[in-house]
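A closer look at the structure
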Amino acid sequence: MSSGFNFRRGSFSADVQGSFSRSTNWYQDIPFGWVWSVNPGSISNLSLRWNRVAPNDPNIYITQLAGADWRNLANVPNGFTVTTNDRSGVDEKYNLKADLRNSFTQWKVPVQLKYGGSINESNRYIWHRRGNSLTHLGRDGIANTADDAPALYAETDYRMNWPFGGNLNGVVNYDRHKLAQEYGEHPEWFSTINPNTLLQQDLTTRAIVREQIDAIYAQPIFKFGKFDLAPGFRHERTRGVFNAPASLTDAQTRLRLTGSRTGTVDTASGDYIRTRYGSIRKDGHADYRTTLSYLHANYRFSRDLLLRASYNESITRPDLNRLAGTITINNDTAIPPTATIGNPDLKPEQARNIYTSLEYYLPKQVGMFSVSFSRRDLKDLIRTTIFDIPPDGEFDGDPQWAGWRLSTVDNVAKAHNSSWEFSYRQRLSFLPWEFGRDFTLWANHTHLIFDNYDNFRRPQNMANGGIEYRRGRFSARWNTNWTSNVRTGAIPANGWASYTNEKLFHDLQLNYTLWRNYTLTLTGRNVLHAPQLITSAGGRSDIMTRYLDIGSIWTFGVKGTF
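These remarks concern the structure in this document. From a predicted model like this one, the values you see are computed outputs, not experimental measurements.

Criteria and cut-off values
Residues numbered from 1 in each chain as written. Predicted model: local features only at pLDDT ≥ 70, side-chain atom pairs only at ≥ 80, totals over all residues. Heavy atoms only, no water. Pairing = 2+ DSSP bridges. Helix = DSSP H or I, 4+ residues; strand = E, 2+ residues; numbered from the N terminus. Polar contact = N/O pair within 3.5 Å; in protein donor to acceptor, adjacent residues only side chain to side chain. Contact = heavy atoms within 4.5 Å. Patch = residues over 30% accessible without salt bridge, like charges linked within 9 Å, V, L, I, M, F, W, Y side chains within 5 Å. Areas by Shrake-Rupley, 256 points an atom, 1.4 Å probe, with all protein chains shown as cover. Salt bridge = Lys/Arg side-chain N within 4 Å of Asp/Glu carboxyl O. Buried < 20%, exposed > 50% of the residue type's maximum accessible area, 1.4 Å probe, protein only. Axes fitted to C-alpha atoms, helices over the stretch in contact; angles between N-to-C directions. Parallel < 35°, antiparallel > 145°, perpendicular 65-115°, else oblique. Nonpolar A, V, L, I, M, F, W, Y, C, P; charged D, E, K, R; others polar. Left-handed = near helix turned anticlockwise from the far one by under 90°. Lys, Arg positive; Asp, Glu negative; His and termini not counted. Charge placed at Lys NZ, Arg CZ, Asp CG, Glu CD. Phe/Tyr/Trp six-rings, centres within 6.5 Å; stacked < 30°, edge-to-face > 60°.

**What about the pairing of strand β14 (residues 327-331)?**
Pairing geometry for β14 and strand β15 (residues 338-341), over four bridges, is antiparallel. Note that in β15 the partner of I329 across the bridge is A339. Hairpin connection, β14 to β15: the antiparallel pair is bridged by six residues.

See the structure below:
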């Protein structure tokens, strides 16, 4: 919901806008007619060979070497479980802003003054996130009997459609809708969920996050002939609070319950769960002020050649979830055990940014070419870091983390990156055909430079381009986006870091204006069906570790403007 008003008198104008949004996240699979997944048992003495023709080939070929036919559900042993999901929460956003403008002349210099302020508040309430496994018991109430045969719950109208090639097509799927309906009508045909399991899930997920940013700004724009100068500032106050769960380790819990780190306890009991996951909560708090300055300048050498330059300061606020200093035990039985720890000393990330561009506008306003350079110097860069604590070591003065692998966030004192960008756009009116002026061609390329790649882990090269056609009520647009490969993780001792391969997507948009305010639209995303994600190992694009293909997405509708 949003509302506002605009006022104008002479050279003064005021634009005041307010908005409120509230979204309720209520995700429950069974009440909406399906279960998240079905998990059957394994065929004994089964031996399969999994093969790809080449390391980067998505086609999968499976050859059975021993055991009963794995494609026939009659050979799968009786008994299976279903997994359910239940998540809920609320997100709220409030916004109020006022933008004021006034024009006047001072000392024969035209001046436009922009000033105003805003109040932005974001609230997030997480109630619970539950995921549970239920054992199918069937009509007889006994697991792993004839009425629990997976073949009884096979999809009758659908088989696996494997679009990449190979021999996986035709595999039978389980009817998740039938099982959800059965659970709704006969919940006694499934195992029950231990209340202590739900208690643990609720204790480890309930959280409240609130953040408010109040700001005022002012910017005068001076015009000195061919030269424009616009200094300005923005002053912000950030206030935030966060309340979230913090878990104890197993040893700490035993110490509280028995007086010994190795004391005997029932880890499934309510006392153990409440002590470990609910005995403490962490409160995060943020309250700081920031003044950001900026300076923009333009100089027009001629009608067709323009130089732009700017300096501005910016701030990136830390995620209050991590600022709270909460502790999440991910797996204390792994080797090494793992946990995620917040950092209450995390500072906001601040940057000083410089941008320059030289723009040349083609005659008769048919297009432009530009080259630009930017540099960003960061202070207290926020990054995620993983620490392997030695067996005799400690973390932040606490010896309980000896031998653990901890993921946390910290600040890098200084870092910087820079970029070059080349951009081109032109209407093709120079072609000998009359309809050439209905076509517009564009392209740009960005190259990023990092002082330390592990501080950023972003693609170093990106490009996009396309062509647009407009004639009367009809328009068509084809756009191509390319992103170079990128290393997504730190380089481990064995050198086999994870990489995301380069991406190339093509999009299409068709519009036809029906009436003045109504447009018929057809939009296609990834129309050539490129894979969304391919990850590889050790920088070798031919050693594929993951292949994600969602396909093309087409949207058809009518857009109205009021």
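**Focus on the side chain of N526**
Relative to the assigned elements, N526 resides in the loop between β25 (518-525) and β26 (533-537). There is a polar contact of 3.4 Å between the side chain of N526 and the backbone oxygen of G551.

**What about the sheet that holds strand β23 (residues 498-500)?**
Pairing within the open sheet is antiparallel, and its four strands lie in the order β22-β23-β26-β27. Of all strands in the sheet, those bounded by a partner on one side alone are β22 (486-487) and β27 (540-548). Here β23 pairs with β26 via three bridges, running antiparallel. If you follow T500 over to β26, its bridge partner there is T535.

**Some words on the side chain of H506**
Mapping H506 onto the fold places it in strand β24 (residues 503-515). Among all residues touching H506, those that are not within four sequence positions of it are W478, N479, T480, G524, R525, N526, V527 and L528.

**Topic: a nonpolar patch on the surface**
On the surface, a nonpolar cluster with roughly 470 Å² of combined accessible area is contributed by Y360, F369, W420, F422 and I449. Of note, W420 is situated in strand β18 (residues 405-427). Residue classification places W420 among the partly exposed positions, given a relative accessible area of 39%.

**So, the packing of helix α2 (residues 195-203) against helix α4 (residues 270-278)**
For the pair α2 and α4, interaxial distance at closest approach is 9 Å and the crossing angle is 5 degrees. On the basis of their axis angle, the class for α2 and α4 is roughly parallel. The residues of α4 that touch α2, namely those facing N196, L199, Q200 and L203, are G270, I273, R274, Y277 and G278. The residue makeup of the contact of α2 with α4, split by class, is four nonpolar, four polar and one charged.

**Considerations on the packing of helix α3 (residues 250-258) against α4**
Two numbers describe how α3 lies on α4: the axes approach to 9 Å, and their chain directions differ by 120 degrees. Regarding the angle of α3 to α4, the classification is oblique. Both α3 and α4 take part in a crossing whose hand is right-handed. Between α3, through D250, T253, R256 and L257, and α4, the contact on the second element is made entirely by D271, Y272, T275 and R276. Taken together, the residues of the contact of α3 with α4 break down into two nonpolar, two polar and four charged.

**Points about a positive patch on the surface**
Together, K347, R352, K379 and K414 make up a positively charged patch on the protein surface. Its location among the elements puts K347 in the loop between β15 and β16 (349-361).

**Points about the packing of aromatic side chains**
Any pair of aromatic rings gets described here by the distance separating the centres and the angle formed by the planes. If you walk through the whole model with that rule in mind, you get 17 aromatic pairs. Ring geometry for F7 against F12: centres 6.3 Å apart, planes inclined by 55 degrees, an arrangement best described as tilted. Residue class for F7 comes out partly exposed when judged on its relative accessible area of 38%. Judged by its relative accessible area of 26%, F12 falls in the partly exposed class. Taken together, a centroid distance of 5.8 Å and an interplanar angle of 70 degrees make the contact between F450 and Y453 edge-to-face. Under the relative-accessibility criterion, F450 is labelled buried at 13%. Residue classification places Y453 among the buried residues on the basis of a relative accessible area of 18%. Put simply, the rings of F222, F224 and F227 touch in pairs and so form one group of aromatic residues.

**What about unusual backbone geometry?**
For N144, which is not a glycine, the phi torsion comes out positive at approximately 65 degrees. Counting through the fold element by element, N144 comes out in the loop between β7 (109-135) and β8 (154-159). Judged by its relative accessible area of 52%, N144 falls in the exposed class. One non-glycine residue, H529, adopts positive backbone phi at about 60 degrees. Along the chain, H529 falls in the loop between β25 and β26.

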